[in-house]
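Descriptive structure summary
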Amino acid sequence: MAVEPTPIPAVVDSPAARRGPLAMEAIALCKDFRLGRGSVLSAVKDVSFNLYRSAVVALVGESGSGKSTVAKLLAGQERLTSGSIRLDGREVDVKGTRGFRRYKSEVQYVFQDPFSSLNPVHTVRYHLTRPVRLHQPHKSAHELDRELVRLIEQVRLTPAQQFLAKYPHELSGGQRQRVAVARALAAGPSVLLADEPVSMLDVSIRLELLNVLDTLRKDFRLALLYITHDIASARYFADEVLVMYAGHVVERGPAEDLTQSPAHPYTQLLVSSSPDPDDLGSMLRHGGKGSARQVGESPASVQGCRFHPRCPFAEERCRRESPPLLTLGPSRAAACWRLDVTAPAVVAQARGGGEGETTS
Amino acid sequence: MTATPGDEIGTGALTGEPVLEITNFSVVYRTAGGDVHAVDKVDLALHPGEVVGLAGESGSGKSTLAYGACRLLRPPALITGGSVVYRGRRLAGPVEILGRHPDELRELRWREIAIVFQSAMNALNPVLRVRDQLLDVVEAHLKLSKDEAAERIGSLLDLVSIPRARLKSYPHELSGGMRQRVMIAMALATDPEVVIMDEPTTALDVVVQRDILAEIVELKEQLGFAVLFITHDLSLLLELADRVAVMYAGRLVETGSSDEMHHDAAHPYTKGLLNSFPSLRGPRRDLAGIPGSPPDLRGLPPGCPFLTRCAYGTEACARVDMALVAVAGSPDPTHVTACPFVLPSTPIKVLSTVAPGAAPTPTPTAPAAPGGGA
C-alpha cells in the first residue's frame, strides 16, 4: 500500500521500557533563548522521551544541537519555554530552595569536564561530604564516614581512605570523573543525567568509566540519560538512541537498529563520519566533499527541515515544511520527508510489519 | 588491504631519507620531587609526504616529544640527549636542530616546520581579526610586498575552504571547525615541509572532524608536506596515517604501518588500545579497555613501564631493556615492538575482568511482528 508513514504521538514504544518502570517523562520540551534585538534562538523544539529505571537513553548530536540544553532543562537548571517534565508520574514544578533541593535528590547531573567541575582547593572527602550532609542530614560522624567509603568504593576508587584524602590535581582525568559520579550518587538519585561524561577522557579509559556507570545503573536501578557526540559509544552503552539536530529529534530507535540501519540523512552522515577501524579509509571515503559542510547561517534559523541545506536528498517540500517524526515500526521513528529514498529497506520493513497498526 | 587516501605517497617515499629524523631523544622535567622522564630515548622518522601518527594517553610524552624536537619547550623541561635532524629541500644540507643557536631556529620554525596547536580557541588571539593574525605570520617569515601578502592570506583561506569575507572576523565569530581551519591555514602560510598537528580535531564533533581530516589529506597531497599527527585516538590514526607510533610512559612501545598495527599489533598496550573503542559497524565485540592508570614518571623502575597494567607480565618483564625489536614474522620491516614476549598472534588477555558491553543482547534487526492485525 502506498501510504506515507503516519505521524505518531511523540512518544513511541521505547526499548528502554523493557528494563524497568518509568522514571521521568520529558513532554514536548521547548526552550527559546532571546538573542537581543527581538531575535529568538529556538534551541530545543518539541523534544519528548521517557527515561526508565535501569535503562540508558542516549542523546546524540553535534555541538549546538541542543542536547545539553535538554539535560539542563531536566536538571532544573534552565526554565522551560513550554512543555512539561514529569518525575514518577507527577508534574515537576521546582519552586524555592527547598523544592529545588528535593528535586536534586532525585535527579543528578554529571558534567563533561572533570577538570573544572571539582574545586581544586578541596579534597575528595570535602566534595563528597557536602552532598551527603545536604541530602542525608541526620547521619552521625561515624555513619558519614562509612557512607563516604561506600560512595568512593562504588566508583572503584580503592583504597578508599587514600582517595578521600586526595586533591583533584592528584587524580587523573578518569579518576576525577569517577569522583564526580560518586558525588552525584551521594544524593541517592533515581535519575542520572550524564552530559558527555567521557569525551574529555582518553580513549583507553573511557570504557572503564562507562563500565562503572553501567554497574551503577544495574546496582541502583538508575535511569540514565547519556549525552554524547560519539554514536559508536551510544551503540554499546544505550538501550534507546535519540539523534538531535538543531534542536529537533530527527531520529530515534533501539541503539542497535538505529546505528546499523540509520534512516535519517543526518544519522547516516554521523555514522559514516565516525572512524571505523574495521573498514580503513571508509571515514574519508564516504560522503563527497561538501555534503557535510556547515552552512553559514545557524541551522536553528533554517526554514522547513532544518537539515535541508546540508542534505543530499532535499527537495521542494523539505525547504517549505518541517517534517514531524514519522513511524518506522513499533519503536523507531525519523523526521524526514524522503524516507522512501533515504532508507527504503527500513520503510519497507516498517510497512510490511506495521500495517496492522496503521489501520485502526 | 584497504587503501587509505595517502597510501601511494607514503609508502613510496619510505625509500628516501627522512625529512625529520629524531634519534635517541630524551626530555626530562626538573621538579622538586625529582626528574620526570617525559620522553626517554625515542627514535622517530618522518619521510616526505608521509603521515605518521603518534598515539598515546595523556602524559605519555607525545606532545613533549613533538615540541621538544622543535626546541619549543621551556624550563623546567630539559632536553637531555639525542639528535633531531631536519633535511629540507630548500636547505643546503641537513640541519641538526638541537645544535643550532636559538636565533637560527627562527628560520626553521614555521618556514620549514609548522605546528597546528590543539586548542584553536587558545592559540588564536581573541582581540585580533583573522586577517591580522595571518598577516603577522606571512610578514614575519616571507619577504612579500603588501599586495602580495594580502593575496597570500586570501589564497590561504581558499585553501581551507573559508570565504575570504571571514578575514574580517574575530576568532569568537567563527565556529570551532572554522577556527581549526584558520589554524591549519596559518601553519601552511609559509609552505612548510613538516606540519606537526597536536590533536587538531579533539574538540570537534565527528562530522566536522571528518571534514577537516579529509581536507588535511587533500592538502598534503596537493602541497606535499609531511605530517606528524598526535592524538590519543588510535582509531583515527588507523584511518589517516601511513605509519603509527605508539607511546607509553615516555617511550615508543611499537611502530609499524597502519595496516600492520591494526591487524597484527604486537605490544600488549597497543592490543589494549585497539580493544578499547566501540566500533560502529560489524558485530558487537566485548570490549576490555586498559585497567589502571599510567605510572609515575619520576624514578620509574627498570624494565617495562606497562608491567603493572599488563596481563601477559612475567618476571622477565622487570628486566627487559625496552629496545625496539622487529616483530617476528611481520611482512613490514618497519614494524617494531618493545615487548619481546608477546606476538601479534597472541590472543588478547585482560588483567581484570570488567563487565563487557552494557546493553542486553541486541534486538534482532526485524523487531516488527509480521502480520499483526489490530
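All values reported here derive from a predicted model rather than from experimental measurement.

**Observations concerning the overall build of chain A**
Scanning chain A from N- to C-terminus turns up 14 helices and 12 strands. Every one of the 360 residues in chain A was classed for burial, and the buried ones make up 51%. Across chain A, every contact between residues at least 6 apart in sequence was considered, and the portion connecting residues at least 24 apart equals 66%.

**A closer look at the domain arrangement of chain B**
Residues and elements named next belong to chain B. Taken domain by domain, chain B holds domain 1 (1-101 + 192-206 + 214-354) and domain 2 (113-191). For domain 1 versus domain 2, the distance between C-alpha centres works out to 29 Å. Each partner contributes to the interface: domain 1 provides 17 residues, whereas domain 2 provides 16 residues. Mapped onto the side of domain 1 that touches domain 2, the elements with two or more residues apiece are β7 (194-198) and α8 (206-223). Looking at the side of domain 1 that touches domain 2, the element that brings in the most residues is β7, giving five residues. Residue classes in the side of domain 1 that touches domain 2 are distributed as 12 nonpolar, two polar and three charged.

**What about helix α3 (residues 124-135) of chain A?**
All names here are of chain A. Compared with the 16 Å implied by 1.5 Å per residue over 12 residues, the 17 Å span of α3 between its first and last C-alpha is a close match. Within the sequence span of α3, burial applies to V124, H127, L128, P131 and V132. Buried residues of α3 fall within an arc of 120 degrees about the axis and therefore sit on the same side. Against α4 (141-154), α5 (160-164) and α6 (173-185) lie the buried residues of α3.

**Quick notes on the pairing of strand β3 (residues 56-60) of chain A**
Within a regular strand, side chains alternate between the sheet's two faces. Residues and elements named next belong to chain A. Burial analysis of β3 places five of its five residues in the buried class, which makes it a mostly covered element. Side chains of β3 alternate between two faces, with V56, A58 and V60 and V57 and L59 buried alike. Across five bridges, the pairing between β3 and strand β8 (residues 223-228) is parallel. Counted as the bridge partner of A58 is Y226 from β8.

**Here we look at the pairing of strand β3 (residues 51-55) of chain B**
Residue and element names in this part refer to chain B. Most of β3 is tucked away: five of the five residues are buried. Covered by surrounding structure in β3 are V51, G53 and A55 together with V52 and L54, the residues of both alternating faces. Relative to strand β8 (residues 226-231), β3 runs parallel, the two sharing five bridges. Bridge assignment links A55 to a residue of β8, and that residue is T231. In terms of strand pairing, β3 meets strand β9 (residues 243-248) through four bridges, oriented parallel. If you follow V52 over to β9, its bridge partner there is R243.

**Comments concerning the nonpolar core**
In summary, soluble globular proteins display a tendency toward joint burial of nonpolar side chains. By size, the foremost hydrophobic cluster in this structure holds 199 residues, and its most contacted members are A58 and L225 of chain A together with F229 of chain B. Considering every element that reaches this core, the biggest residue donor is α8 of chain B, with eight residues. Built from parts of two domains, this core gets at least three residues from each of domain 1 (1-101 + 192-206 + 214-354) and domain 2 (113-191) of chain B. Setting aside residues no more than four positions away along its own chain, L225 of chain A makes contact with L51, V57, L59, A71, L74, L193 and A194 of chain A.

**So, the sheet that holds strand β10 (residues 248-254) of chain A**
Hydrogen bonds between backbone groups are what pair the strands of a sheet, and the pairing can be parallel or antiparallel. Residue and element names in this part refer to chain A. Within the open sheet, the eight strands sit side by side as β6-β7-β8-β3-β9-β10-β12-β11. Their pairing is mixed. Each of the sheet's edge strands pairs with one partner strand only, and the pair in question is β6 (107-110) and β11 (326-327). Its contacts with the sheet place α6 against β6 and β7 (191-195), and it is angled at close to 170 degrees to β6.

**Quick look at the packing of α6 of chain A against helix α7 (residues 203-220) of chain A**
Residues and elements named next belong to chain A. Axis separation between α6 and α7 bottoms out at 10 Å; the angle between their running directions is 15 degrees. Here α6 lies roughly parallel to α7, going by the angle between them. Of the two possible hands of crossing, α6 and α7 adopt the one that is right-handed. Here α6 contributes G174, Q177, R178, V181 and L185 to the contact with α7, which in turn contributes I205, E208, L209, V212, L213 and L216. Residues of the contact of α6 with α7, tallied by class, amount to seven nonpolar, two polar and two charged.

What counts and what doesn't
Residues numbered from 1 in each chain as written. Chains lettered and ligands numbered in written order. Predicted model: local features only at pLDDT ≥ 70, side-chain atom pairs only at ≥ 80, totals over all residues. Helix = DSSP H or I, 4+ residues; strand = E, 2+ residues; numbered from the N terminus. Buried ≥ 20, exposed ≤ 12 C-beta atoms within 10 Å, placed from the backbone. Contact = placed C-beta atoms within 7 Å. Domains from an automatic or database assignment. Nonpolar A, V, L, I, M, F, W, Y, C, P; charged D, E, K, R; others polar. Expected span 1.5 Å × (residues − 1). Arc of directions from axis to C-beta. Pairing = 2+ DSSP bridges. Core = buried A, V, L, I, M, F, W, Y, C linked by C-beta atoms within 7 Å. Axes fitted to C-alpha atoms, helices over the stretch in contact; angles between N-to-C directions. Parallel < 35°, antiparallel > 145°, perpendicular 65-115°, else oblique. Left-handed = near helix turned anticlockwise from the far one by under 90°.

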